[in-house]
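Residue-level listing of the chains:
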Amino acid sequence: MLRLYTHPACLQHDPGPGHVERPARLQAVLQALDHDRFAALDRIEAPRVTREQLQRVHSAAHISEVLLGAPAGEMLALDPDTVMGPGSTEAALRAAGAVVAAVDAVLGGEARRAFCAVRPPGHHATRELAMGFCLFNNVAVGAAHALAAYGLKRVAIADFDVHHGNGTQDIFEREPRVLFASSHQSPLYPDSGRKDERGVGNIVNGTLSPGAGSHEFRELWEGVLLPRLHAFKPQLVLVSAGFDAHRNDPLADIRLGSEDYAWITERLAALADAHADGRMVSTLEGGYDRGALAACVGAHVGALIG
Ligand SMILES: [Zn+2]
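Quick caveat: nothing in here was measured; it's all calculated off a predicted structure. Counting restarts for each chain, with residues numbered from 1 along the sequence as it is written. Predicted model: local features are reported for residues with pLDDT of at least 70 only, side-chain atom pairs are reported and counted for 80 or more only, and whole-chain, interface and lining totals are derived from all residues. Excluded from the side-chain calculation are hydrogens and water; included are all heavy atoms of the structure.

Quick word on the state of the cysteines
What makes a disulfide is a covalent bond joining the sulfur atoms belonging to two cysteines.
(1) Moving on: To count as a disulfide, a pair of cysteine sulfur atoms needs to be within 2.5 Å. Under the criterion given, the structure shown has 0 disulfides.
(2) Moving on: Lacking any disulfide linkage, cysteine 296 is separated from the closest cysteine sulfur, that of cysteine 116, by 18 Å.

What about unusual backbone geometry?
(1) Moving on: In this model, serine 186 is joined to proline 187 through a cis peptide bond whose omega is 0 degrees.
(2) Moving on: Going along the chain from the N terminus, every DSSP run of H or I of four or more residues is numbered as a helix, and every run of E of two or more is numbered as a strand. With respect to the helices and strands, the residue proline 187 is situated in the loop between β7 (178-185) and β8 (203-208).
(3) Moving on: For the bond from tyrosine 189 to proline 190, the omega torsion is 0 degrees, close enough to zero to count as cis.
(4) Moving on: Here proline 190 shows up in the loop between β7 and β8.
(5) Moving on: Although it is not a glycine, aspartate 191 adopts a positive phi angle of roughly 65 degrees.
(6) Moving on: Locating aspartate 191 in the fold gives a position in the loop between β7 and β8.
(7) Moving on: A relative accessible area of 62% means that aspartate 191 is categorised as exposed. Relative accessibility decides the category of a residue: with a 1.4 Å probe and only protein chains considered, values under 20% of the type maximum give buried, values over 50% give exposed, and everything between is partly exposed.

What about the packing of helix α4 (residues 88-107) against helix α5 (residues 138-150)?
(1) Moving on: Only the stretch in contact is used when a helix axis is fitted, and all axes are lines through C-alpha atoms; the angle between N-to-C directions ranges over 0 to 180 degrees. Where α4 contacts α5, the two axes come as close as 8 Å, and the packing angle between them is 40 degrees. Between α4 and α5, the crossing angle belongs to the class labelled oblique. Here the hand of the crossing between α4 and α5 comes out right-handed. Taken together, the residues of α5 that come into contact with α4 (itself represented by Ala92, Ala95, Ala96, Val99, Val100, Val103, Asp104 and Leu107) are Asn138, Val139, Val141, Gly142, His145, Ala146 and Tyr150. Roughly parallel here means an angle under 35 degrees, roughly antiparallel means over 145, roughly perpendicular means 65 to 115, and every remaining angle is called oblique. Left-handed describes a crossing in which the near helix is turned anticlockwise from the far one by less than a right angle; the clockwise case is right-handed. When checking whether two residues touch, look at their non-hydrogen atoms; a contact exists if any pair is within 4.5 Å.

Points about α4
(1) Moving on: Helices are assigned an expected span. That span is 1.5 Å times one less than the residue count. With 20 residues, α4 should cover 28 Å at 1.5 Å per step; its first-to-last C-alpha distance of 29 Å lies within 8% of that length.
(2) Moving on: Two residues or fewer past α4, glycine 109 is found with a positive phi of approximately 80 degrees.

Quick look at helix α7 (residues 214-232)
(1) Moving on: Spanning 19 residues, α7 covers 25 Å between terminal C-alpha atoms, matching the ideal 27 Å at 1.5 Å per step.
(2) Moving on: Residues Phe217, Leu220, Trp221, Leu225, Leu226, Leu229 and Phe232 constitute the buried set of α7.

Some thoughts on the environment of alanine 92
(1) Moving on: By the element assignment, alanine 92 lies in helix α4.
(2) Moving on: C-alpha of alanine 92 to C-alpha of proline 120: the two residues are 28 residues apart in sequence and 6.2 Å apart in space.
(3) Moving on: Not counting residues within four places of it along the chain, the set of residues in contact with alanine 92 comprises Val66, Pro120, Leu135, Phe136 and Asn138.

Section: the pattern of salt bridges
(1) Moving on: The rule for a salt bridge is simple: a side-chain nitrogen of Lys or Arg has to be within 4 Å of a carboxyl oxygen of Asp or Glu. Under the criterion given, the structure shown has 15 salt bridges.
(2) Moving on: Note that glutamate 90 is salt-bridged to arginine 94, the shortest N-O span being 2.9 Å. In this pair, glutamate 90 and arginine 94 both sit in helix α4, 4 residues apart, roughly one turn of the helix.
(3) Moving on: On the basis of relative accessible area, glutamate 90 is assigned to the partly exposed category, the value being 25%.
(4) Moving on: Taken together, the shared-partner salt bridges in this structure form one network comprising Arg3, Asp42 and Glu110.

Some details on the packing of aromatic side chains
(1) Moving on: Stacked, tilted and edge-to-face pairs are distinguished by plane angle, under 30 degrees for stacked and over 60 for edge-to-face with tilted covering the rest, among Phe, Tyr and Trp rings (Trp via its six-membered ring) whose centres lie within 6.5 Å. By the definition in use, this model includes 6 aromatic pairs.
(2) Moving on: On the numbers, 5.6 Å between centres and 50 degrees between planes, the contact of phenylalanine 160 with tyrosine 261 is tilted. Residue phenylalanine 160 is found in the loop between β6 (155-159) and α6 (166-172), and its partner tyrosine 261 is found in helix α8 (residues 258-275); the two are separated by 101 residues along the sequence.
(3) Moving on: Of the residues examined, phenylalanine 160 reaches a relative accessible area of 1% and is grouped as buried.
(4) Moving on: Given a relative accessible area of 0%, tyrosine 261 falls into the buried group.

Written as structure tokens, this is what we have:
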């Protein structure tokens, strides 16, 4: 049984007119999942993350800034791309809370796999800073919860968003219990994620040149990232599932199709099956062409269902 975590509040985060990270993205995702082939999804309303859960990965100052949010009737720009409106704090709390609840469900044996259909995304948020459309680092909060509340010794985070998950790397680069493996376009925002950024041996960055497609993506995962993930023998597999490496995406120049997302999802599910009793939590990150995003999430969730 696949659990789907989401919350209506995630549709109420509006970074302003013309912003690419808009509520319609999540509407497209939920619409794609509102289909007969996904009828068996176990749909759960995401709870709010707690301050204690956030404090494992974010500074008190950063948490307070997001909790305070935008002044009444105004927008608050935390960086030029990362803007809070009236619904943003609640959306951020539910997005991170979804991943914590999903981790509880798979580690508590209630479900084998879960997908969190949430926004704002998370993987650019560092310990100290909101950036790149991200307020809290949802997946990092989930990983830290698995370490702190369950005593896990090996948690893998696989990140196939087209951008480097600099925030996740920042949070865990000195934490050997977390292995972070990322494929991303280079050069591209946020200009980090070089192969020689290795943390304490727990960071594995794989880069794709502009114009790369299915062949290069699969070669990178099969040749470099998946072998490292298997060698780590994770007890839990978390996925930062961004779909902006699709060929139609306006923010990048990688040429994947939805079938590539089914492929990587099957490989990551096999990783979880081999080492983690199947326990896997995937969370939405980027993806800015709504048609492509809907098709890719359909392929991803279809592969998660198996
Ligand atoms: Zn992205």
